[in-house]
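# Structural overview
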Amino acid sequence: MIIDAHTHMFPSEVREHPGAVEEEEVAFKLMFGHGGSRMASPESMLEDMDAAEVDMAVLCPFPWTTMRRCEENNRYLLEVSASHPDRFLAFAVVNPRHGERALREARRCLEAGARGLGELHPQPQGFDPTQEDIMAPLAGLAKEFDVPLLIHVNEPVGHNYPGKGPVTPGEIYRLVSSFPGVKFILPHWGGGLPFYELMPEVAEACADVYYDSAASPFLYRSQIYTLAAAAAGGHKILFATDYPLLPYGRTLEDAERGLEDAALRQAVLGGNAARLLGIRS
C-alpha cells in the first residue's frame, strides 16, 4: 500500500481564478497568484495516483493567512474526502494567531472527520511556534483527538526557494519539547531534525515526531531515506510528495532508489502512515 502523506488541493474557485485571491495572502500570491503553477482537481489527482499506483493521499489545505480562506479550503477538502473515502484523507488548517476562532474551526473540522491539523506555516501565517500560549490550544486539541499536527520546517542551510522560511530544527525542537505526547509531522525531513535524534535527549523529546519526505528530490540525494531511518527510526519516516509540486514518477523513483531494504520500503511508503492515521488496508 502506498500512501502519500502530504499533498495540497485548492477549492475550484482558487484553481480557476488564482489572481483573484486577496493581496494579504502573500505566500499564495508568490507561489500561485500568477497562475503558472499547477493545481490539481480531484479527478486529475486520482488519474495521477492511479497511474503511479498510489493508493491514498492526505489532502492538506494551503497555510492561509485569513481564517475565511482556511475555512473555505477546509470545507472543500472535507467534501472531497467524503466523496472518495478510500482514496483521500483530509487535514484541516487554521491560523493559530486567530485564537478562539481558529480553535473553533479546528474542532469543527476534527468532529467532521479531518484526520490531522496542518499544514501550518509560521512565516506566512505570522505566528511564532515557540510561543506556548499561541500553540497550546491547537496542540491540546490534537492530543484530545489523537491526530497529528503538521507544521512547516526548513533546513537552515542550502539554497533558497519559494516557501523556505526561517523556522528551522532549533525552533521546532523547542515546540515539540513543550508538548510531550502530541504527535507532530515535520515535513521536508524536519529541516534535518532526525539526525539530531542521535542525541539521546533529542530522541526522547521527539518520541512522537514523524518526518515526511515532501519535496525531497528538490532538497536531498535519495540516500536520505536510509540515513534518516538509521538516525531517528524507520517507523517515523513517511513518504510524501508535496503533490502537485512534484509528479509521482519522480518522487516514487527517488524513494525507491533510497529504500533498498524491503521491510523499510514497505513501512515508509505506506505502513507508517497507515498506523499513524488509522488506515486499514
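Rules of the game
- Residues numbered from 1 in each chain as written.
- Predicted model: local features only at pLDDT ≥ 70, side-chain atom pairs only at ≥ 80, totals over all residues.
- Heavy atoms only, no water.
- Helix = DSSP H or I, 4+ residues; strand = E, 2+ residues; numbered from the N terminus.
- Rg over C-alpha atoms; globule rule 2.2 N^0.38 Å.
- Buried < 20%, exposed > 50% of the residue type's maximum accessible area, 1.4 Å probe, protein only.
- Contact = heavy atoms within 4.5 Å.
- Areas by Shrake-Rupley, 256 points an atom, 1.4 Å probe, with all protein chains shown as cover.
- Lys, Arg positive; Asp, Glu negative; His and termini not counted.
- Charge placed at Lys NZ, Arg CZ, Asp CG, Glu CD.
- Core = buried A, V, L, I, M, F, W, Y, C linked by side-chain atoms within 4.5 Å.
- 1 Å grid on protein atoms, 1.4 Å probe; cavity = no way out; pocket = protein on both sides within 12 Å on 5 of 7 lines; lining within 4 Å.
- Points joined across faces, edges and corners; volume = space filled by probe spheres on them.
- Nonpolar A, V, L, I, M, F, W, Y, C, P; charged D, E, K, R; others polar.
- Pairing = 2+ DSSP bridges.
- Axes fitted to C-alpha atoms, helices over the stretch in contact; angles between N-to-C directions.

On to the overall build of the chain, then. Summing up its helical and strand segments, the chain has 14 helices and 8 strands in all. Taken against the 2.2 N^0.38 rule, which gives 19 Å for 281 residues, the C-alpha radius of gyration of the chain at 17 Å falls within 12% of a compact globule. Referenced to the eigenvectors of the C-alpha coordinate spread, the extents of the chain come out at roughly 45 × 45 × 40 Å. When each of the 281 residues of the chain is scored for burial, the buried share is 58%. Counted over contacts in the chain with a minimum sequence separation of 6, partners at least 24 positions apart contribute 76%. Working note: accessible area of the chain is about 11700 Å², and carbon and sulfur atoms make up 52% of it. Both charge centroids of the chain, one from 24 positive and one from 39 negative side chains, sit 2 Å from each other.

For the rest of this paragraph, the subject is the nonpolar core. Residues Met-45 and Phe-184 are the most contacted members of the largest nonpolar core, which totals 75 residues. When residues in this core are grouped by element, the largest group, 6 residues, is from helix H4 (residues 67-83). For Phe-184, the contacting residues outside a window of four places in its chain are Leu-149, Ile-151, Leu-175, Val-176, Phe-179, Asp-208, Val-209 and Tyr-210.

Note that His-188 resides in the loop between strand S6 (184-186) and helix H9 (193-196). The exposure class of His-188 is buried, given its relative accessible area of 5%.

Going from Gly-118 to Glu-119, the amide bond is cis rather than trans, its omega being 20 degrees. With respect to the helices, strands and loops of the structure, Glu-119 is situated in strand S4 (residues 117-120). Going from Tyr-243 to Pro-244, the amide bond is cis rather than trans, its omega being 5 degrees. Of note in this structure, Trp-189 is not a glycine but carries a positive phi near 60 degrees. Among the secondary structure elements, Trp-189 is positioned in the loop between S6 and H9. You can call Trp-189 buried: its relative accessible area is 0%.

Approximately 700 Å³ is the volume attributed to the largest pocket. Those elements that place two or more of their residues in the lining of the largest pocket are strand S1 (3-8), helix H2 (26-31), helix H6 (122-125) and helix H11 (216-219). Classifying every residue of the lining of the largest pocket by side-chain character gives 18 nonpolar, 10 polar and 4 charged.

Here we take up the sheet that holds S1. Strand pairing in a sheet relies on backbone hydrogen bonds. The paired strands run either parallel or antiparallel. With parallel pairing, 3 strands are arranged side by side in an open sheet as S1-S2-S3. Bordering the open sheet on either side are S1 and strand S3 (88-90), each of which pairs with just one other strand. Neighbour-to-neighbour, the strand axes of this sheet turn through a mean angle of 30 degrees, independent of strand direction. Bridging between strand S2 (residues 56-60) and S3 involves 3 bridges; their strand directions are parallel. For Val-58, the partnering residue across the bridge sits in S3 and is Leu-89. Of the strands in this sheet, S2 and S3 touch H4, which is tilted by about 150 degrees from S3.

Here we come to the side chain of Asp-254. Here Asp-254 lies in helix H13 (residues 248-258). Among residues more than four places away in sequence, those in contact with Asp-254 are Ser-216, Pro-217, Ser-222 and Tyr-225.

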